[in-house]
Amino acid sequence: MDYSQFLAMKQEIALLVVFLLVFLYDTFMPKQTQKGLPAFTVVLMLIATAAGFCSHCLGSAGDVVAFAGMYQTSAVIAAIKGILNIGVVIVLIQSIKWANSEAMTMRRGEFYELLLVTLFGMYLMMSARHFLLFIIGLESASLPLAAMVALDKNRYESHEAAVKYILTAVFSSAIFMLGLSFVYGLTGSLYFENIYFALSTKLSVMLVAAIAFVIAGIGFKLSLVPFHLWTADVYQGAPTSVTSYLSVISKGATAFAFLVVMAQVFGSAYSRVWEWMLYALIIVTITVGNLFAIRQRNMKRFLAFSSISQAGYIMLGVIAYNTMGVAALMYYVLVYIFSNLAAFGVIGAIENATGKVSMDDYRGLHKTNPRLAFCMMLAMFSLAGIPPFAGFFSKFFIFTGAINQGSVAIYVLVLIALINTIISLYYYLLVVKAMYIAEEECTIARFKSACSERLGLIITVAGIMLLGIASCCYSSLLDLTSVSQMQMYFIH
Amino acid sequence: MEITAVYYLIPALIMFCCGVYGFITRKNMIAMLISLELMLNAVDINFVVFNRFLYPEQMEGMFFTLFAIAIAAAETALAIAIIINIFRAAKNIDVRTLNEMKF
């Protein structure tokens, strides 16, 4: 065996090194230095991210295939991994205060180790070109998350959320694997490429069932609508840092992996089988997510339903089935990381200081904590897609990518998505209204947020503003994807 | 009588459906977990049968099954750990006690 293949997995190796160093620090450093662990992890992750970008800029941008075609990395995959790395750094910065709190003393290391392991799983999931590696990545990205959800041992909700998450996760992965067994029975291979070419002529009931099961399995992780029922409960029960990780990084990675699977495995059955399935899923996801978000009073549940409808918008990048769709999906994930983490940063800061998470507590927040209220307002504007902010451009690009596909059905789909944007504007502005227009005295007293929380908010707000003004980074993503479109969509 | 692939696939399918039925109807979390195991094992049988009868020249299905068994074991271990936590907090493992958060 050629061991130099391992060098193809540059970003995975960097992450593994970070994990090992964090593990060693957690195990062997004396007790009084343990409070430095969160900052240590942030620094290491920053170095890994920077190293990833540098090696990408300096080194070969071409495709690398390793382990007999099981693993593949390219400029696009390296870019999405870099985007996720940025998100992880922000999550880590925002979690410092919580990780150093009294209740977390015993479990501080576990949080960081589990988080890095799930990130490693997501990397494998995005780079896999064989379903064995894909399923290992998928499971190692979802199982440790259940342990992270259960991390808050003193709250009953945390356990409840964890058990709901793990049972539904195993159920969905069983359905997913059943779909895979059908695919294997039809084609005799688990390599993405072999399946693609074997399926290009076949159409059978079994294939339809297989694709439906695979979409259901990945749709669970993405919380698309018929498979979304765990989302709100888990988001509410989990510690806020875990929720933000779950809603942003896990979702972004799975969205990209979903795109890869649909394009590279079932691409040849696009118009015959799964195009219509996705139309239905997207419409239901966006609409139900929006309508249920309106009636939520708990901020974490509210953002859970908002993230369900955002997942529907992300799926527009998959259904576009062209390079613009890929670039728009990556840009959407990048913007979504900044906007959602800004919202979760404010929620986390208020929860750490006062323990309040209800929207009614946010009434008149601008009088007592004007800066936090301002950050929250920007996050809501960006999530709703109001022009100067980044969220508008991400929605714009993803709609453009979808429309470029050109059929009448997709125009109708985009129209429905646009109408839903207006509904979403209503409930995002409910938060802004509670903070700025409500007259009552605010129940949240003025407090000074921790340095780390402020740093996290500054980064996210800067991201929202800069990505809105300099949306040209979309065109560089588009260049990247056009270069490797051959490998994305098997265009021959 | 010759034993063909169908003789294995039908029981696997029945096993899978039993698992789904059990997962939906059972109220005890351990029983739900057992139903999930049934589903996962039915999938493993599917893979082995497809490999043995349709594509005997390669071993991909067998290897997938080996990994799937290991993953299923990890899932069960984690789920039982979480269920024990629930038991400590609520003194029973009925799914109907999981009603703090709704809608």
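No experiment lies behind these values; they were computed from the predicted model shown.

### A word on the overall build of chain A
Assigned secondary structure in chain A consists of 21 helices and 2 strands. Relative to a compact globule of 492 residues, whose C-alpha radius of gyration would be 23 Å, chain A shows 22 Å and is just as compact. Summarising its shape, the C-alpha atoms of chain A cover approximately 65 × 55 × 45 Å along the three principal directions. Sorting the 492 residues of chain A into buried and exposed places 59% on the buried side. For chain A, the share of sequence-separated contacts (at least 6 apart) that also reach a separation of at least 24 residues comes to 81%.

### Some details on the overall build of chain B
A tally of helices and strands in chain B yields 3 helices and 0 strands. Going from N to C terminus, chain B has its helices and strands arranged as α-α-α. In terms of overall dimensions, chain B is more spread out than a globule: its C-alpha atoms have a radius of gyration of 17 Å, far above the 13 Å expected for 103 residues. Projected onto its principal axes, the C-alpha coordinates of chain B cover approximately 50 × 25 × 25 Å. The buried share of chain B, reckoned over its 103 residues, is 32%. Long-range pairs, those at least 24 residues apart, make up 50% of the contacts in chain B between residues at least 6 apart in sequence.

### Some words on the interface of chain B and chain A
Chain B puts 32 residues into the contact, and the matching count from chain A is 30 residues. Mapped by element, the contributors of at least two residues to the side of chain B that touches chain A are α1 (5-25), α2 (29-54) and α3 (60-90) of chain B. If one sorts the elements of the side of chain B that touches chain A by residue count, α3(B) sits on top with 16 residues. Its residues assigned to classes, the side of chain B that touches chain A shows 26 nonpolar, 3 polar and 3 charged.

### Considering the packing of helix α14 (residues 323-354) of chain A against helix α19 (residues 451-469) of chain A
Residue and element names in this part refer to chain A. Packing of α14 against α19 leaves a shortest axis separation of 9 Å and a crossing angle of 145°. Helix-helix and strand crossings are classified by hand; for α14 and α19 the assignment is left-handed. Residues Leu334, Val335, Phe338, Ser339, Leu341, Ala342, Gly345, Val346, Gly348 and Ala349 of α14 form the contact with α19, whose own contacting residues are Glu453, Gly456, Leu457, Thr460, Val461, Gly463, Ile464 and Leu467. The residue inventory of the contact of α14 with α19, partitioned by class, reads 11 nonpolar, 6 polar and 1 charged.

### Some details on the environment of Gly61(B)
Note on placement: Gly61(B) falls in helix α3. By the C-beta count within 10 Å, which is 24 here, Gly61(B) ends up buried. When residues no more than four places from it in sequence are discounted, the contact partners of Gly61(B) are Tyr184(A), Phe47(B), Val48(B), Phe50(B) and Asn51(B).

### Focus: unusual backbone geometry
Residues and elements named next belong to chain A. Positive phi values are uncommon outside glycine, yet Phe67 reaches one of about 55°. Looking at the element boundaries, Phe67 is found in the loop between β1 (64-66) and β2 (71-73). Positive phi is not limited to glycine here, since Tyr321 has a value of about 55°. Tracing the backbone through its elements, the reader meets Tyr321 in the loop between α13 (299-320) and α14. Judged by local crowding, Tyr321 falls into the buried class, with 24 C-beta atoms found within 10 Å.

### A few points about the nonpolar core
General note: in soluble globular proteins, nonpolar side chains tend to be found buried as a group. Residues and elements named next belong to chain A. Membership of the largest hydrophobic core comes to 219 residues, with the highest contact counts inside it found for Ala146, Val149, Leu329, Met330, Ala342 and Met376. A per-element tally of this core places α14 first, with 22 residues. When near neighbours in sequence (up to four residues on either side) are disregarded, Val149 contacts Ser158, Ala161, Ala162, Tyr165, Val234, Gly237, Ala238 and Val242.

### As for the packing of helix α7 (residues 156-187) of chain A against helix α10 (residues 229-237) of chain A
All names here are of chain A. Close contact between α7 and α10 brings their axes to 8 Å; oriented N to C, the two are set at 145°. By crossing handedness, the relation of α7 to α10 is classed as left-handed. Residue-level contacts link Glu157, Ser158, Glu160, Ala161, Lys164, Tyr165 and Thr168 of α7 to Trp230, Asp233, Val234, Gln236 and Gly237 of α10. Here the contact of α7 with α10 is built from residues that sort into 4 nonpolar, 4 polar and 4 charged.

### A short note on helix α5 (residues 108-127) of chain A
Helix length check: α5(A) (20 residues) gives 30 Å between terminal C-alpha atoms against 28 Å at 1.5 Å per residue, within 8%. Among the 20 residues that make up α5(A), 18 are buried, leaving the element largely enclosed by the rest of the structure.

### Examining the environment of Ile464(A)
Residue and element names in this part refer to chain A. Here Ile464 shows up in helix α19. Owing to 25 C-beta atoms within 10 Å, Ile464 belongs among the buried residues under this scheme. Each C-alpha atom of the pair Ile464 and Tyr336 lies 9.1 Å from the other, and the pair is 128 residues apart in sequence. Excluding anything up to four places from it in sequence, Ile464 contacts Phe338, Ser339, Ala342, Leu378, Ser382, Phe389 and Ala390.

### Quick look at the confidence of the model for chain B
Mean pLDDT over chain B: 93, with 99% of residues reaching 70 or higher. Scoring of the predicted complex yields 0.94 for pTM and 0.96 for ipTM.

### Focus: the environment of Ala70(B)
On the secondary structure map, Ala70(B) appears in helix α3. It is 26 Å that separates the C-alpha atoms of Ala70(B) and Tyr7(B), two residues lying 63 residues apart in sequence.

Conventions adopted
- Residues numbered from 1 in each chain as written.
- Chains lettered and ligands numbered in written order.
- Predicted model: local features only at pLDDT ≥ 70, side-chain atom pairs only at ≥ 80, totals over all residues.
- Helix = DSSP H or I, 4+ residues; strand = E, 2+ residues; numbered from the N terminus.
- Rg over C-alpha atoms; globule rule 2.2 N^0.38 Å.
- Buried ≥ 20, exposed ≤ 12 C-beta atoms within 10 Å, placed from the backbone.
- Contact = placed C-beta atoms within 7 Å.
- Nonpolar A, V, L, I, M, F, W, Y, C, P; charged D, E, K, R; others polar.
- Axes fitted to C-alpha atoms, helices over the stretch in contact; angles between N-to-C directions.
- Left-handed = near helix turned anticlockwise from the far one by under 90°.
- Core = buried A, V, L, I, M, F, W, Y, C linked by C-beta atoms within 7 Å.
- Expected span 1.5 Å × (residues − 1).
- pLDDT = per-residue confidence, 0-100.

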